[in-house]
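Fold and contact review
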Amino acid sequence: MSNPLSKTIVIFGASGDLTARKLIPSLYRLDRKNRLPEGVRIVGVSRTKLSHLEFQSRMGAAVKQFAGADWNQEDWDQFAPRLQYCSGDASTSEGLASLEEWFKAHEGAGGARLFYLSVSPDLYGSIVSQLAGAGLTKVPSPELWRRIIIEKPFGHNTLSAQLLNEEIRQFLKEDQIYRIDHYLGKETVQNLLVFRFGNTLFEPLWNANYIDHVQITVAETVKVGSRGDYYDRAGVLRDMFQNHLLQIMAIVAMEAPARYSADMLRNEKVKLLEAITIPDPKEASESIWTGQYEGYLAEKGVRPDSKTPTYSAIRLNVDNWRWRGVPFFLRSGKALSSRTSEVQIQFRCPPHLMFSLPPGEKLECNRLAISIQPNESIHLRFQSKVPDQEKMTIAPSEMEFQYGKSYSGVPIPEAYERLLQDALGGDASLFMRSDEIERSWAIIEPFLNVTESPDAPIPEEYPLGSMGPVGADGFMDKNLREWLPLYGNRPS
Ligand SMILES: NC(=O)c1ccc[n+]([C@@H]2O[C@H](COP(=O)([O-])OP(=O)(O)OC[C@H]3O[C@@H](n4cnc5c(N)ncnc54)[C@H](OP(=O)(O)O)[C@@H]3O)[C@@H](O)[C@H]2O)c1
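Residues numbered from 1 in each chain as written. Predicted model: local features only at pLDDT ≥ 70, side-chain atom pairs only at ≥ 80, totals over all residues. Heavy atoms only, no water.

Topic: the packing of aromatic side chains
- Considering all chains together, one arrives at 20 aromatic pairs under this definition.
- An angle of 20 degrees between the planes, with centres 6.2 Å apart, marks the rings of Phe 12 and Phe 115 as stacked. Of this pair, Phe 12 sits in strand S1 (residues 6-12) while Phe 115 sits in strand S4 (residues 111-117), and the two are 103 residues apart along the sequence. Each member of the pair, Phe 12 as well as Phe 115, is classed as buried.
- Here Tyr 178 and Phe 431 contribute two aromatic rings whose centre-to-centre distance is 5.0 Å and whose plane-to-plane angle is 75 degrees, an arrangement assigned as edge-to-face. (Phe/Tyr/Trp six-rings, centres within 6.5 Å; stacked < 30°, edge-to-face > 60°. Helix = DSSP H or I, 4+ residues; strand = E, 2+ residues; numbered from the N terminus. Buried < 20%, exposed > 50% of the residue type's maximum accessible area, 1.4 Å probe, protein only.)

Some points on empty space enclosed by the protein
- Applying the stated criterion across every chain yields a total of one cavity of 30 Å³ or more.
- The space that makes up the largest cavity amounts to roughly 50 Å³.
- Lining the largest cavity, in full, are Ile 150, Glu 151, Lys 152, Phe 154, Arg 179, Ile 180, Gln 242, Asn 243, Met 432 and Ile 437.
- For the lining of the largest cavity, the per-class residue count stands at five nonpolar, two polar and three charged. (1 Å grid on protein atoms, 1.4 Å probe; cavity = no way out; pocket = protein on both sides within 12 Å on 5 of 7 lines; lining within 4 Å. Points joined across faces, edges and corners; volume = space filled by probe spheres on them. Nonpolar A, V, L, I, M, F, W, Y, C, P; charged D, E, K, R; others polar.)

Focus: the site of the ligand
- Taken together, 22 residues lie near the ligand, and Ser 15, Asp 17, Arg 21, Thr 48 and Asp 89 sit nearest.
- Between the ligand and Arg 21 there is a distance of 2.6 Å, counted from an oxygen atom to a side-chain nitrogen or oxygen.
- In the environment of the ligand, a nitrogen atom lies 2.7 Å from a nitrogen or oxygen atom belonging to the side chain of Asp 89.
- Contact with the protein chains hides 75% of the accessible area of the ligand, taken as 890 Å² for the molecule alone. (Near = heavy atom within 4 Å. Polar contact = N/O pair within 3.5 Å; in protein donor to acceptor, adjacent residues only side chain to side chain. Areas by Shrake-Rupley, 256 points an atom, 1.4 Å probe, with all protein chains shown as cover.)

Here's the deal with the pattern of salt bridges
- Within the structure shown, the criterion is met by 34 salt bridges.
- In this structure, the salt-bridge partner of Asp 239 is Lys 152, at a minimum N-O distance of 3.7 Å. Residue Asp 239 is found in helix H8 (residues 228-253), and its partner Lys 152 is found in the loop between strand S5 (146-150) and helix H6 (158-169); the two are separated by 87 residues along the sequence.
- Of the charged contacts, one joins Arg 266 and Asp 263 as a salt bridge, the two residues approaching to 4.0 Å between their closest N and O atoms. (Salt bridge = Lys/Arg side-chain N within 4 Å of Asp/Glu carboxyl O.)

Regarding the domain arrangement of the protein
- Looking at the protein, the domain boundaries give domain 1 (6-151) and domain 2 (184-478).
- Taken together, the contact pairs 18 residues of domain 1 with eleven residues of domain 2.
- Of the roughly 1,300 Å² buried at the junction of domain 1 and domain 2 (both faces included), carbon and sulfur atoms supply 69%.
- Remark: the boundary between domain 1 and domain 2 carries three salt bridges.
- Where Lys 33 meets Glu 417, a salt bridge forms, and the shortest distance between an N and an O atom there is 2.6 Å. (Domains from an automatic or database assignment. Contact = heavy atoms within 4.5 Å. Buried area = accessible area lost by both parts, 1.4 Å probe.)

Structural notes on helix H7 (residues 187-197)
- Judged by how many residues are buried, H7 sits mostly within the fold: eight of eleven residues are covered.
- Among the residues of H7, Thr 188, Val 189, Gln 190, Asn 191, Leu 192, Leu 193, Phe 195 and Arg 196 are the ones counted as buried.

A look at the nonpolar core
- Formed by 136 residues in total, the largest nonpolar core has its most connected members in Phe 12, Leu 27, Leu 99, Phe 328, Leu 330 and Leu 368.
- By residue number, the principal contributor to this core is H8, which donates 13 residues.
- Residues lining this core come from more than one domain, with at least three contributed by each of domain 1 (6-151) and domain 2 (184-478).
- Ignoring anything within four residues of it in the chain, the contact list for Phe 328 reads Val 214, Met 249, Val 252, Ala 253, Ile 314, Arg 315, Leu 316, Val 318 and Trp 323. (Core = buried A, V, L, I, M, F, W, Y, C linked by side-chain atoms within 4.5 Å.)

Some words on unusual backbone geometry
- Of note, the bond from Lys 152 into Pro 153 is cis; its omega dihedral lies within 30 degrees of zero at 0 degrees.
- Structurally, Pro 153 is set in the loop between S5 and H6.
- Even without being glycine, Ala 335 reaches a positive phi, approximately 55 degrees.
- Tracing the backbone through its elements, the reader meets Ala 335 in the loop between strand S10 (328-333) and strand S11 (340-347).
- Backbone geometry at Asp 388 places phi at a positive 55 degrees, although glycine is not the residue there.

Comments concerning the packing of helix H1 (residues 17-32) against helix H12 (residues 415-425)
- With their axes 9 Å apart at the nearest point, H1 and H12 run at an angle of 65 degrees to one another. With respect to each other, H1 and H12 are oriented roughly perpendicular. Note that H1 runs across H12; the crossing there is right-handed. Judged by residue contacts, Leu 18, Lys 22, Leu 23, Ser 26, Leu 27, Arg 29 and Leu 30 of H1 engage Tyr 416, Glu 417, Leu 420 and Gln 421 from H12.
- Taken together, the residues of the contact of H1 with H12 sort by class into six nonpolar, two polar and three charged. (Axes fitted to C-alpha atoms, helices over the stretch in contact; angles between N-to-C directions. Parallel < 35°, antiparallel > 145°, perpendicular 65-115°, else oblique. Left-handed = near helix turned anticlockwise from the far one by under 90°.)

Section: the sheet that holds S1
- Here we have six strands laid out as an open sheet, ordered S3-S2-S1-S4-S5-S6, and parallel in their pairing. Of all strands in the sheet, those bounded by a partner on one side alone are strand S3 (83-87) and strand S6 (177-179). When the angles between neighbouring strand axes are averaged without regard to direction, this sheet yields 20 degrees.
- Sheet topology places S4 next to S5; five bridges connect them, and they run parallel. Across the sheet, Leu 117 pairs through a bridge with Ile 150, a residue of S5.
- Set on the sheet, helix H4 (residues 97-107) makes contact with S1, strand S2 (41-46), S3 and S4; between it and S1 the angle comes to about 165 degrees. (Pairing = 2+ DSSP bridges.)

Printed below as a string of structure tokens:
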């Protein structure tokens, strides 16, 4: 039936893993919270032939499996009729015919459309071009918007990202394109913005005068699993650094935007990324340490002589007034001892200490840890006097904020919920603009060149369940720093 203000979400890749594990469970949860636009329909598209009912039943099983405590049969029965399915190869015009028919039958005079490309990256360009060729992305009026969410990875180096941007911008305006980095949808990453710019306490100290260095860690416990073939071509630098780690770094280090608006926020992030020094080949090779977990070379899909790192630690410098001389250490790896993402701000030590410390002891200088996942929390470490000692004795103490305690009964939502809701509402603040993506690739590329050149160093093997290669500690020694203990896996 014709409904001029209808809204449709079209998911390309509807029979795939991401749709089942994240996208449909997130849309189901949004529906339970009454946050989906009234009457919104969700159309799945992929080549596998399925009826609407078969798709609904598959997705029901997925939500039951992946939505955990949020599963509720009654809520599902209300949500399921929103799901529709059109089979077809979306990279060909014939393949889109069934979707076009669906729009004709259900939109009548027209409706707003959110397309989600949850398909292999080599299909992004061709699907956008086919959608545009079929007139499905043409914007008839501002209320009948057309937006496209594009999954990661966006390109595999600077040039391919530039070419992909050029390709899709032939058909779409920048404000129609929502490039996803699901880390930005995480509550704690957004809380970094609030922590920095909703308070006065830390901002005067947030600079080279008071901060010695910054560490950002994204550690995983999982191995490559069934993605060996993809991973061996990508490696940890593409998988984690170009996107998640640099995005977190940009939010930690950028200047305050005047308003919380997509462009103002992204302008500040780009300015920060622009200020990161791009190392020359020698500097890049001295500013990276790489590792490979034990047994990686025997994984399915991995080349037996592969030098692809599954662990990297890099040092970046920001060449601006605020951060001059403050190194940023970024590290990430697979098969590590804990799954944790954390930002650590190491403040400088007092210029002079009037208290004497026991022989051989060093003062632990102020430290702020922001745990992004799991155990979402903020910890501030400072010195305090130990009571009732013979002599003046000082020791580190801690103040902490735990999401789980302060907001008990409010579970942390899945990042994709926030991102889907924002895209439906036209808020691109938590999505990446073309210039951000291209600059991020330019920063990481010299490190990729180190690990992918014919004489690339053999990554140092590290034991499963460790915190990475021993050499990464030596790398920090060389930089006159040490890795700080992580909070993420402490019980809340
Ligand atoms: N899974 C994750 O956790 C995750 C995390 C971050 C990013 N991503 C990104 O999300 C995207 C999807 O990942 P995934 O893990 O869901 O992949 P996947 O399980 O391999 O699913 C790919 C989907 O694309 C469909 N497809 C392939 N060719 C098509 C075509 N020509 N026309 C229409 N549909 C087509 C496939 O279904 P048919 O064979 O039936 O056509 C399948 O539904 C990728 O870009 C990936 O990098 C995934």
